[in-house]
Amino acid sequence: MLVLTAVSTGIYAHGVDESSKAFLSDQTGQAILPFIYIGAKHMITGYDHLLFLTGVIFFLFRPREILLYVSLFTLGHSLTLIYGTLYEINLNPWLIDAIIGLSVVYKGFDNLGGFKRLLGNQPDTRIAVLIFGLFHGFGLATKLQQLINRDEGTLANLMAFNLGVELGQLAALFLILTLVTQWRRLPGFPRFALTANTALISLGLMLTGYQLTGYYLS
């Protein structure tokens, strides 16, 4: 229900919300703390990023594995966030967000063992997480380019935004891990896991369909 509420309230705001624009409208030059705040806010309220992150760590039990996969995702989205913003890479935001929706579908399907049943083997999840992380970073870059002013503070503000994204991700990761760890202790966890990952696939398809519809109608 929390996920559905987040999606229903945020799905129509394809770009940067007006409150973020207003918050930064009077900022000139370096604005480290405001961009840290906006970066953290975007990650914590970014339902597409949170859904994918939930799918990634859903069946990870060892701290080393969690660290590895989260680091790959972080590396991917940091690279394209910085590169896409600095070099003003103008990718279509509808298509980028559609691919991000597909990343959620992929992880739910992967968690249910769909690739093993369909293809007989499972693609390397580490490579997939890194690649999808690159697309998530381009999604962040399309949002940041609506906020950042091209002046002497551009690089510092970009790094501050990226730092905020990572801080927001850490906070979200802590909450997700806490909830999933508690659910794992319940006898009904296998049934919950099936339902949760089926919901991930459904939500990912809904997000993808919405973004593709926006692309064809825009």
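Residues numbered from 1 in each chain as written. Predicted model: local features only at pLDDT ≥ 70, side-chain atom pairs only at ≥ 80, totals over all residues. Heavy atoms only, no water.

In the nomenclature of an unreviewed UniProt entry, the protein corresponds to HupE/UreJ protein from the organism Marinobacterium mangrovicola.

Asker: Explain the overall build of the protein residue by residue, including any values.
Answerer: Helix and strand content of the protein: 10 helices and 0 strands. The helix and strand sequence of the protein, counted from the amino end, reads α-α-α-α-α-α-α-α-α-α. Across the 218 residues that make up the protein, the buried fraction comes to 48%. With an accessible surface of roughly 11,500 Å², the protein has 67% of that area assigned to carbon and sulfur atoms. (Helix = DSSP H or I, 4+ residues; strand = E, 2+ residues; numbered from the N terminus. Buried < 20%, exposed > 50% of the residue type's maximum accessible area, 1.4 Å probe, protein only. Areas by Shrake-Rupley, 256 points an atom, 1.4 Å probe, with all protein chains shown as cover.)

Asker: Quick one: what's the story with helix α10 (residues 189–217), residue by residue and with numbers?
Answerer: Working note: α-helix, 3.6 residues per turn, so residues spaced by three or four point in the same direction. Compared with an ideal rise of 1.5 Å per residue, which puts 29 residues at 42 Å, α10 spans 41 Å between its outermost C-alpha atoms and is within 8% of the ideal. Listed in full, the buried residues belonging to α10 are F189, A193, A196, N197, L200, I201, L203, G204, L207, T208, Q211 and G214. (Expected span 1.5 Å × (residues − 1).)

Asker: Quick one: what's the story with the packing of helix α5 (residues 63–86) against helix α9 (residues 154–184), residue by residue and with numbers?
Answerer: How two helices pack is summed up by the angle between their axes together with the distance between the axes. Between α5 and α9, the least distance of the axes is 11 Å, while the angle of their chain directions is 155 degrees. When the interaxial angle is binned, α5 and α9 end up roughly antiparallel. The crossing of α5 and α9 is right-handed. Two secondary-structure elements touch here, α5 through I66, V70, F73, T74, H77, S78, L81, I82, T85 and L86 and α9 through L155, L158, M159, F161, N162, V165, E166, Q169, L173 and L177. A breakdown of the residues in the contact of α5 with α9 according to their chemical character gives 13 nonpolar, 6 polar and 1 charged. (Axes fitted to C-alpha atoms, helices over the stretch in contact; angles between N-to-C directions. Parallel < 35°, antiparallel > 145°, perpendicular 65-115°, else oblique. Left-handed = near helix turned anticlockwise from the far one by under 90°. Contact = heavy atoms within 4.5 Å. Nonpolar A, V, L, I, M, F, W, Y, C, P; charged D, E, K, R; others polar.)

Asker: Report on the nonpolar core, specifying residues and quantitative values.
Answerer: Grouped together as the largest cluster of nonpolar side chains are 24 residues, with contacts concentrated most on L51, F52, L53, V56, I57, V70 and V129. Of all elements in the fold, only α4 (47–57), α5, α6 (93–111), α8 (125–144), α9 and α10 reach the threshold of two or more residues within this core. It is α4 that contributes the most residues to this core, 6 residues altogether. Contact partners of V129, with chain neighbours within four places excluded, come to F52, V56, Y69, L72 and F73. Residues A31, L81, L158 and F161 belong to the second largest nonpolar core, which totals 15 residues. (Core = buried A, V, L, I, M, F, W, Y, C linked by side-chain atoms within 4.5 Å.)

Asker: Provide a residue-level description of the packing of aromatic side chains, including the pertinent values.
Answerer: Taken as a whole and assessed by the stated rule, the structure comprises 14 aromatic pairs. Seen in terms of ring centroids, W183 and F192 are 4.5 Å apart; in terms of plane orientation they differ by 40 degrees. Their pairing is tilted. With relative accessibility at 25%, the residue F192 sits in the partly exposed group. Measuring from centroid to centroid gives 6.0 Å for F189 and F192, while their planes differ by 40 degrees, and the two rings are tilted. With F189 and F192 both in helix α10 and 3 residues apart, the pair spans about one turn of that helix. Three or more aromatic residues joined by ring pairs make a cluster, and in this case those are F52, F73, Y106, F109, F115 and F132. Taking the ring centre of F61 as reference, the NZ or CZ of R184 above it sits at 4.1 Å. (Phe/Tyr/Trp six-rings, centres within 6.5 Å; stacked < 30°, edge-to-face > 60°. Lys NZ or Arg CZ within 6 Å of the ring centre and 35° of its normal.)

Asker: Before we move on, can you summarise α4 with the specific residues and values?
Answerer: Across the 11 residues of α4, 11 count as buried, placing the element largely inside the fold. All buried positions along α4 are accounted for by Y47, D48, H49, L50, L51, F52, L53, T54, G55, V56 and I57.

Asker: Which residues make up the UniProt feature "transmembrane region" (unreviewed entry) in the protein, and what values do they have?
Answerer: When the UniProt feature table is mapped onto this chain, "transmembrane region" (unreviewed entry) is found at residues 31–59, 66–85, 91–109, 129–148, 160–180 and 192–212. As annotated, residues 66–85 has a helix share of 100% and a strand share of 0%, and its two end C-alpha atoms lie 28 Å apart. (UniProt positions renumbered as here; feature names shortened; annotations may be inferred.)

Asker: Give me a nonpolar patch on the surface: which residues, what numbers.
Answerer: Taken together, the side chains of Y83, L86, Y87, L155 and M159 present a nonpolar region at the surface, about 510 Å² in accessible area. Within the residue set of the nonpolar patch, elements represented by two or more residues are α5 and α9. Counting through the fold element by element, Y87 comes out in the loop between α5 and α6. (Patch = residues over 30% accessible without salt bridge, like charges linked within 9 Å, V, L, I, M, F, W, Y side chains within 5 Å. Salt bridge = Lys/Arg side-chain N within 4 Å of Asp/Glu carboxyl O.)

Asker: Please set out the pattern of salt bridges residue by residue, giving values where relevant.
Answerer: For the structure on display, the rule yields 3 salt bridges. The partner of K107 in a salt bridge is D110, and the shortest N-O contact between them spans 2.9 Å. Of the two residues, K107 and D110 both sit in helix α6, 3 residues apart, roughly one turn of that helix. Comparing K107 with D110 shows no difference in burial state: the two are buried. In this structure, R126 and D124 form a salt bridge, with 3.1 Å as the shortest nitrogen-oxygen distance. On the accessibility criterion, R126 (41% relative accessible area) is partly exposed. The class of D124 is partly exposed, set by a relative accessible area of 32%.

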